[in-house]
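For reference, the chains in residue letters:
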Amino acid sequence: MGLPIQLHKIPGAPELAMRNPTYLDAVAIYRGRFAGHSPTDALRRLASSREYHWRALVCPDVTRQTVPSMGTVEDQFTVTPGSIITAISGSSSQAAGFTLQVTDAGSGQKIAQIPVSWLAGFGGANGSSKFPNRSLPVYFPDLWPISDKGLVLVSLVHAAAAANSLAVCIQIAEKH
Amino acid sequence: MNNPCPVCHGAGTIKTPSGSQYQACPKCDGDGLDPGVERFFQYKFLTTPALTANQLLQNQRIVISGDADFRIKMLMRKATGSFRIRLYDGSGHYYSSSGEGGTNDRVPDDCLFGDGQLPFLLVPFVDIPAGSFISFDLEDTSGAGNTIELVFTGSKVYPTPASS
């Protein structure tokens, strides 16, 4: 469960229109694409926030992006506690893709667990077949603040019989 | 842009119509800073000449015009092959990073860039000050010549006119 974020500074203040609310909606393809949720509803609350800045976490780094058959890559990232993961995008040179798990080390919660092939899950064969393109980011329908430890663990397992060049890019809104 | 909001003058709150309570300023959304006036704009970068096979091209930049800050909202690219990229700005802030102990922060292009039909959305926006620049390192991974066009789509952000 993601925690709702509160950008307004006065408790109880009515929900006001966010600045520039329309640019996310302008891209129709991103609306209502994930399990019936509209990710942009959550993202809109963050879009013009001055309390966060955008950052991309790439796993693995270039020197390890070619993974042998059935190989595993694990990585960890330090972020400012309270930062929010907004989306994950991935690429794979092999159609079999890879499985992915993202964990908030402080709370032990699994933020994302994709036990089937990334490409099968998000490319149309299974899962959300509405995603038209495998390299589109998966936008999170809920916003998940990273706990006090500020440590994000990422684990990739390559599922093909041949070596694979793969990468995952985790987009976060990092708290200043 | 760090000018005070023209409506609440930096307080972040205004009185309700009855005058008995305060509410978050609807102009600045409560942060006290001028959100500015946005005008759609795009900055484009074209590799000329094309990258050669596996070439690493560092410290490329797009200079932002001095009349307004630029707010990046979407990333798009068109390329004849795959590449990796690392984005940073004029203050030396890097927008991508690899994990602990990583030695290279470049990101595969299909993880970070969309196209005109399906652009990659940046949340939150990235603000680049007027007169500063967007920088990036490009690395061809196609193993052949690669012509890359990058398009940074967003808005120029002008200060809110005093009269509004």
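Residues numbered from 1 in each chain as written. Chains lettered and ligands numbered in written order. Predicted model: local features only at pLDDT ≥ 70, side-chain atom pairs only at ≥ 80, totals over all residues.

(A) Fine view of the nonpolar core. Membership of the largest hydrophobic core comes to 65 residues, with the highest contact counts inside it found for Leu 156, Val 168, Cys 169 and Ile 170 of chain A together with Leu 112 and Leu 122 of chain B. Leu 112 of chain B has contacts with Ala 56 and Cys 169 of chain A together with Leu 75, Ile 85, Val 107 and Phe 120 of chain B, leaving out every residue within four places of it along the chain. Within the second largest apolar cluster, five residues are counted, among which are Cys 8, Ala 24, Cys 25 and Cys 28 of chain B. (Core = buried A, V, L, I, M, F, W, Y, C linked by C-beta atoms within 7 Å. Buried ≥ 20, exposed ≤ 12 C-beta atoms within 10 Å, placed from the backbone. Contact = placed C-beta atoms within 7 Å.)

(B) Geometry of the sheet that holds strand S3 (residues 37–46) of chain B. Residue and element names in this part refer to chain B. Spatial ordering of the open sheet is given by S3-S11-S5-S9, a layout of four strands whose pairing is antiparallel. Every interior strand has two partners, whereas the edge strands, S3 and strand S9 (120–128), have only one. In this sheet, adjacent strand axes meet at a mean angle of 30° when their direction is disregarded. Sheet analysis places strand S5 (residues 69–79) next to strand S11 (residues 148–158), joined by 10 bridges and oriented antiparallel. (Pairing = 2+ DSSP bridges. Helix = DSSP H or I, 4+ residues; strand = E, 2+ residues; numbered from the N terminus. Axes fitted to C-alpha atoms, helices over the stretch in contact; angles between N-to-C directions.)

(C) Representation of the domain arrangement of chain B within the structure. Domain assignment breaks chain B into domain 1 (1–35) and domain 2 (37–158). Here the C-alpha centre of domain 2 of chain B lies 34 Å away from the C-alpha centre of domain 1 of chain B. (Domains from an automatic or database assignment.)

(D) Just the sheet that holds strand S6 (residues 83–89) of chain B, in detail. Residue and element names in this part refer to chain B. Overall, antiparallel pairing links the four strands, which are arranged S4-S10-S6-S8 in an open sheet. On the outer flanks of this sheet lie strand S4 (56–63) and strand S8 (107–108), each paired with one strand and no other. For S6 and strand S10 (residues 133–140), the ladder comprises seven bridges, and the chain directions are antiparallel. If you follow Tyr 88 over to S10, its bridge partner there is Ser 135.

(E) Geometry of the pairing of strand S8 (residues 151–158) of chain A. Residues and elements named next belong to chain A. A one-sided burial pattern is seen for S8, the buried positions being Val 152, Val 154, Leu 156 and His 158 and the unburied ones Leu 151, Leu 153, Ser 155 and Val 157. The sheet contact formed by strand S3 (residues 72–78) and S8 spans seven bridges and is antiparallel. Directly across from Glu 74, in S8, lies its bridge partner Ser 155. Sheet topology places strand S5 (residues 98–104) next to S8; seven bridges connect them, and they run antiparallel. Residue pairing across strands places Thr 99 opposite Val 157, the latter belonging to S8.

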